[in-house]
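Structural overview for review
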Amino acid sequence: MHAKVAVLGTLRFPPNKLVEIRPHLKKLVEETYRNDGCIAYDVAEDPFDIGLIRFSELWPDRESLSKHLKSPHIEPWRVEAQKCGLMERKFTAFNITDSWSV
């Protein structure tokens, strides 16, 4: 499947809350892969900026991304993120008009 939308984003949590947020993050990723039609939904903790979690996502189209943002598992995730001290959220979506392997 060819991706038409890429999303890059970050979330920032207090470093002492990472252990607490990980199970909720794992559930978010699993539910997204299982239900939302993403091509890729990758999450990683930045080893050089403790507390920063990076997201990279590929979606087949804008509609799939919009549907994901309204999925039943998103609101519980957002509630848990707030409980764990979410400090910052930055996400940007990009239309992909061309791609190639490097």
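Residues numbered from 1 in each chain as written. Predicted model: local features only at pLDDT ≥ 70, side-chain atom pairs only at ≥ 80, totals over all residues. Heavy atoms only, no water.

Side note on the overall build of the protein chain
The helix and strand tally for the protein chain stands at 3 helices and 4 strands. Mapped in sequence order, the helices and strands of the protein chain form the string β-α-β-β-α-α-β. Rg of the C-alpha trace for the protein chain: 14 Å, near the compact-globule value of 13 Å for 102 residues, within the 12% margin. Taken along its principal axes, the extent of the C-alpha atoms in the protein chain is 40 × 30 × 20 Å. Out of the 102 residues belonging to the protein chain, those deemed buried represent 36%. Long-range contacts, defined as pairs at least 24 residues apart, comprise 73% of the intrachain contacts of the protein chain with a sequence gap of at least 6. For the protein chain, the accessible area works out to roughly 6,700 Å², and carbon and sulfur atoms hold 56% of it. (Helix = DSSP H or I, 4+ residues; strand = E, 2+ residues; numbered from the N terminus. Rg over C-alpha atoms; globule rule 2.2 N^0.38 Å. Buried < 20%, exposed > 50% of the residue type's maximum accessible area, 1.4 Å probe, protein only. Contact = heavy atoms within 4.5 Å. Areas by Shrake-Rupley, 256 points an atom, 1.4 Å probe, with all protein chains shown as cover.)

Quick notes on the pattern of salt bridges
If the charged atoms of two oppositely charged side chains come close together, the side chains can form a pair. Scanning the model with the defined rule gives 9 salt bridges in all. Note that Asp49 and Arg12 form a salt bridge whose closest N and O atoms lie 3.0 Å from each other. With Asp49 in the loop between β2 (40-45) and β3 (52-59) and Arg12 in strand β1 (residues 5-12), this residue pair connects regions lying 37 residues apart in the sequence. Two residues, Arg12 and Glu88, come together in a salt bridge whose shortest N-O distance is 3.8 Å. Placement of the pair is Arg12 in strand β1 and Glu88 in strand β4 (residues 88-95), with a sequence separation of 76 residues. Bridged by salt links that share partners, the residues Arg12, Asp49, Glu88 and Lys90 form one connected network. (Salt bridge = Lys/Arg side-chain N within 4 Å of Asp/Glu carboxyl O.)

Notes on helix α1 (residues 18-35)
With 18 residues, α1 extends 25 Å from end C-alpha to end C-alpha; this agrees with the ideal 26 Å at 1.5 Å per step. Among all positions in α1, only Leu18, Ile21, Leu25, Leu28, Val29, Glu31 and Thr32 are buried. Of the surrounding secondary structure, the elements contacted by the buried residues of α1 are β2, β3, α2 (62-69) and α3 (74-83). Phi turns positive one or two residues past the end of α1, at Gly37, with a value near 75°. (Expected span 1.5 Å × (residues − 1).)

Some thoughts on α2
Every buried residue of α2 is listed here: Ser64, Leu65 and His68. The arc that holds every buried residue of α2, seen down its axis, measures 100°, which confines them to one face. With respect to the buried face of α2, the exposed residues turned more than 90 degrees away are Arg62, Glu63 and Lys67. Contacts made by the buried residues of α2 are with β1, α1, β2, β3, α3 and β4. (Arc of directions from axis to C-beta.)

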